[in-house]
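This is what each chain is made of:
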Amino acid sequence: MKYDLNNVMSQFSVYGEYLIGVPYGTGHINDTFQVTFDQGGTIVHYILQRVNTNVFRKPEELMENFVRVTGHIGRKIREERKLHPETRHRTLEVVPARDGKPFVRDAAGNFFRCYVFVENARTYDILETTDQAYQAAAAFGRFQADLADLDGRLHETIPNFHNTPSRLAALEQAVKEDRAGRLKQVAPELDFILARRDETSRLIDLQAAGELTERTTHNDTKLNNVLIDDLTGTGCCVIDLDTIMPGLPHYDFGDMVRTGTSPAAEDETNLDLVTMRFPMFEALLRGYLAGAGSFLNPLEKSLLPFSGKLITLEIGIRFLTDYLEGDVYFKTRRPEHNLDRCRTQLKLVQSIEEQYDAMRKLTDSLS
Ligand code: ADP
Ligand code: GN1
Ligand code: MG
């Protein structure tokens, strides 16, 4: 094990005997562990995470956001419990360090945070049913709605995170530099992306023109970032809060479409399996509108199908950029991993384009 998890945990306000820590989850950025304690004969789990500080340059600010957001939602849940004691709605709860801070730095400078493990719930990398899609989207929608009355502005943990034109500019720079000597392998992917250049600025142009409003958004609403309750099947807790910051709600809905509609893994190599399943889109749309609908205006609603296409293109651009740069950002397990991921994204964009009219029609009918 690269880190002394027992020692790191001893600096958090957790009592009992440390038993074991094991890698957990399938995230591409941070290192996540489930740690187990014996507390007076009861087995208790925690999530311990090493934050990737190459990606998150100001982790203290990130944790400030985290504490503000979970405190805000926690207060709402406590009110909800007074009315509905049976609710299983949760928020992540940070375990403070013994010095009172919401993180610990180990001797090597690694940045760790710890939170309460939510039992009897799990994440799904690929959704199995339309009900799961509905419930997950409703949870993300409610999350945005819960944060609509947050006072003040959060820190931007990664500036320009969902600025699609600047993601495209980064790709063009990577093409110019061709640092890993891989450019010759990516001509079809580049052509596909560049043919859609004009669409990349559509949302931020509308924002600049004052037609779309910045809100507090999650920005990484991959479907495996919501815990689904084993008992009730509801989306009970939104997790992975590192990128919560000011943004457009579209990118949140779009990322649900990206990760929730295809039956294939993000790194599937058989592209025939990658397709946008319309019933999943419909369930995501209905769930999201049920959770968030009250604060979206008609223009915002009408752009939801486009957002699915745009963010899928954006993540395809990011995977291709990382491939050309030599796999420096996303965790990879094989040399072509980022290219494979890029290809699934572009195939999904194509599938969305093929069904776009029907997606628009459905959205208009629900608005
Ligand atoms: P990453 O940034 O690497 O994606 P996440 O915060 O999404 O990390 O956590 C990785 C995985 O750990 C999640 O997909 C989920 O399965 C699990 N997980 C995270 N937080 C909790 C929690 N509080 N309770 C239970 N499981 C959790
Ligand atoms: C990363 O951390 P994880 O795996 O939830 C990335 C997202 C991408 C996603 C692609 C901070 O998310 O933006 O959409 O991979 N997170 C960051 O799967 O870059
Ligand atoms: Mg995650």
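You'll find the structure just up there.
Residues numbered from 1 in each chain as written. Chains lettered and ligands numbered in written order. Predicted model: local features only at pLDDT ≥ 70, side-chain atom pairs only at ≥ 80, totals over all residues. Heavy atoms only, no water.

A.B. asks: Explanation requested: the packing of helix 3 (residues 130–147) against helix 8 (residues 278–292) in the structure shown.
C.D. replies: Direction vectors running N to C along helix 3 and helix 8 enclose 30°, while the axes themselves pass 6 Å from each other. One finds that helix 3 runs roughly parallel with respect to helix 8. At the point where helix 3 passes helix 8, the crossing takes the right-handed sense. Contacts between helix 3 and helix 8 involve T130, A133, Y134, A137, A138, G141, R142, Q144 and A145 from the former and P279, M280, A283, L284, R286, G287, Y288, A290, G291 and A292 from the latter. When its residues are assigned to classes, the contact of helix 3 with helix 8 shows twelve nonpolar, five polar and two charged. (Axes fitted to C-alpha atoms, helices over the stretch in contact; angles between N-to-C directions. Helix = DSSP H or I, 4+ residues; strand = E, 2+ residues; numbered from the N terminus. Parallel < 35°, antiparallel > 145°, perpendicular 65-115°, else oblique. Left-handed = near helix turned anticlockwise from the far one by under 90°. Contact = heavy atoms within 4.5 Å. Nonpolar A, V, L, I, M, F, W, Y, C, P; charged D, E, K, R; others polar.)

A.B. asks: I tried to follow the coordination of the magnesium ion (ligand 3) on my own but got confused; where do I start?
C.D. replies: Tetrahedral coordination by four donors puts the ideal angle at the metal at 109.5 degrees, and octahedral coordination by six puts it at 90 or 180 degrees. Taken together, the protein ligands of the magnesium ion (ligand 3) are N225 (OD1) and D240 (OD), with distances of 2.2 Å. Residue N225 is located in the loop between strand 7 (215–217) and strand 8 (226–229), and its partner D240 is located in the loop between strand 9 (235–238) and strand 10 (245–247); the two are separated by 15 residues in the primary sequence. Take N225: its relative accessible area is 5%, and that puts it in the buried class. (Donors = N, O, S within 2.8 Å, 3.2 Å for Na, K, Ca; no water. Buried < 20%, exposed > 50% of the residue type's maximum accessible area, 1.4 Å probe, protein only.)

A.B. asks: I would appreciate a short explanation of the site of ligand 1 in the present structure.
C.D. replies: Close to ligand 1 lie 18 residues, the nearest being Q49, V118, T123, N225 and D240. In this structure, an oxygen atom belonging to ligand 1 sits 2.9 Å away from a side-chain N or O atom of Q49. Here ligand 1 loses 94% of its free accessible area of 550 Å² to cover by the protein chains. Among the residues forming the shell around ligand 1, the class breakdown is nine nonpolar, eight polar and one charged. (Near = heavy atom within 4 Å. Polar contact = N/O pair within 3.5 Å; in protein donor to acceptor, adjacent residues only side chain to side chain. Areas by Shrake-Rupley, 256 points an atom, 1.4 Å probe, with all protein chains shown as cover.)

A.B. asks: Would you explain the site of ligand 2 in this entry?
C.D. replies: What surrounds ligand 2 is a group of 17 residues, the closest being H28, K222, E266, R318 and Y329. Side-chain polar atom of E266 to an oxygen atom of ligand 2: 2.7 Å apart, as the coordinates give it. Y329 is positioned such that a nitrogen or oxygen atom in its side chain is 2.5 Å from an oxygen atom of ligand 2. Burial of ligand 2 by the protein chains amounts to 97% of its free accessible area of 450 Å². Here the element with the most residues in the shell around ligand 2 is helix 10 (residues 304–325); it accounts for three residues. Among the residues forming the shell around ligand 2, the class breakdown is seven nonpolar, four polar and six charged. There are two domains that each give the shell around ligand 2 at least three residues, and those are domain 1 (5–119) and domain 2 (130–366). (Domains from an automatic or database assignment.)

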